[in-house]
Amino acid sequence: NDVDCLRELGILCYEGEIAQLDYKKAFECFYKASGQGDVTSTYYLALSYLEGHGVDADEDKAMALLAIAADREHVGAMMLYASKIQDSDPNRAATLLEKCADCGEPEAYYTLAKWYSKGYNVDKDETKAFKYYTKASEAGNYSAMCNLGIAYINGVGTKVCPELGVYWFKKAVE
C-alpha cells in the first residue's frame, strides 16, 4: 500500500470532514503507514491511542509513539509531547518547544514567552520572553499582544515605549 495514500485516507477518516468519520479505519491506515516509517501517521496513531479513537485508549502507547514522532521532529508531536512531559522532563519539553519555535509554530512562541517571563521550566529571561511575545503577537495571538503591550509600557525585556504598548493593546481588541 502506498504510504501517502494510507496516511491521507487515515486523516480523512479520522477527521470526518470529507470521508465518513471512521476511527477504526483511520487507525488501521495509520498503523500500516506508521509501520512503513511515516511520521505523521505515527503522530495520528499516538492521538488514536490517547483519545481511544478506533482502539482502546492506552496512554503508555500514546506517549511512546509521541516520543518517536517528536524525535523525528513532527511539530504537532513535539508540541503535544512537550505539554505532556513539562512537569516530568522540563528540559526536554523546553528543547522541543524551542525546536517548534524554530519551525515557526505560533503556539510554541506563546508558551515559551510565558515560561521565560515566569522562569517556569527555564531560567527567567525577560529579553527572551519579550522576543517570543513579539513573535506570538505577530502571529496573531491576542493574549501575547496584551503581554507585549504590558512589556512596552513597563519596559520589561525592552525599553519603555508607551506608544507601542498602546498599539499592541488596541491590536489585541480589534
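Use the structure listed above.
In short, a report on the structure. (Residues numbered from 1 in each chain as written. Predicted model: local features only at pLDDT ≥ 70, side-chain atom pairs only at ≥ 80, totals over all residues. Heavy atoms only, no water.)

Taking 1.5 Å of rise per residue, the 13 residues of helix H7 (residues 106-118) would be expected to cover 18 Å, and the 19 Å separating its terminal C-alpha atoms lies within 8% of that figure. For H7, the full list of buried residues reads Ala-108, Tyr-109, Tyr-110, Thr-111, Leu-112, Ala-113, Trp-115, Tyr-116 and Ser-117. The elements touched by buried residues of H7 are helix H5 (75-85), helix H6 (90-102), helix H8 (126-138) and helix H9 (142-154). Gly-119 lies just past H7 and shows a positive phi near 75°. (Helix = DSSP H or I, 4+ residues; strand = E, 2+ residues; numbered from the N terminus. Expected span 1.5 Å × (residues − 1). Buried < 20%, exposed > 50% of the residue type's maximum accessible area, 1.4 Å probe, protein only. Contact = heavy atoms within 4.5 Å.)

Turning our eyes to something else, we now look at the environment of Val-166. Locating Val-166 in the fold gives a position in helix H10 (residues 162-173). Spatially, the C-alpha atoms of Val-166 and Leu-65 are 45 Å apart, while their sequence positions differ by 101 residues.

We now examine the packing of aromatic side chains. A full pass over the atoms with the stated rule returns 13 aromatic pairs. A ring pair is formed by Phe-27 and Tyr-49, whose centres lie 5.4 Å apart and whose planes are at 85°; its orientation type is edge-to-face. Highlighted residues: Phe-27 in helix H2 (residues 23-35) and Tyr-49 in helix H3 (residues 39-51), separated in sequence by 22 residues. Overall, the relative accessible area of 12% leaves Phe-27 in the buried class. Taken together, the ring pairs connect Tyr-14, Tyr-23, Phe-30, Tyr-43 and Tyr-44 into an aromatic cluster. (Phe/Tyr/Trp six-rings, centres within 6.5 Å; stacked < 30°, edge-to-face > 60°.)

That is the geometry; function is a separate question.
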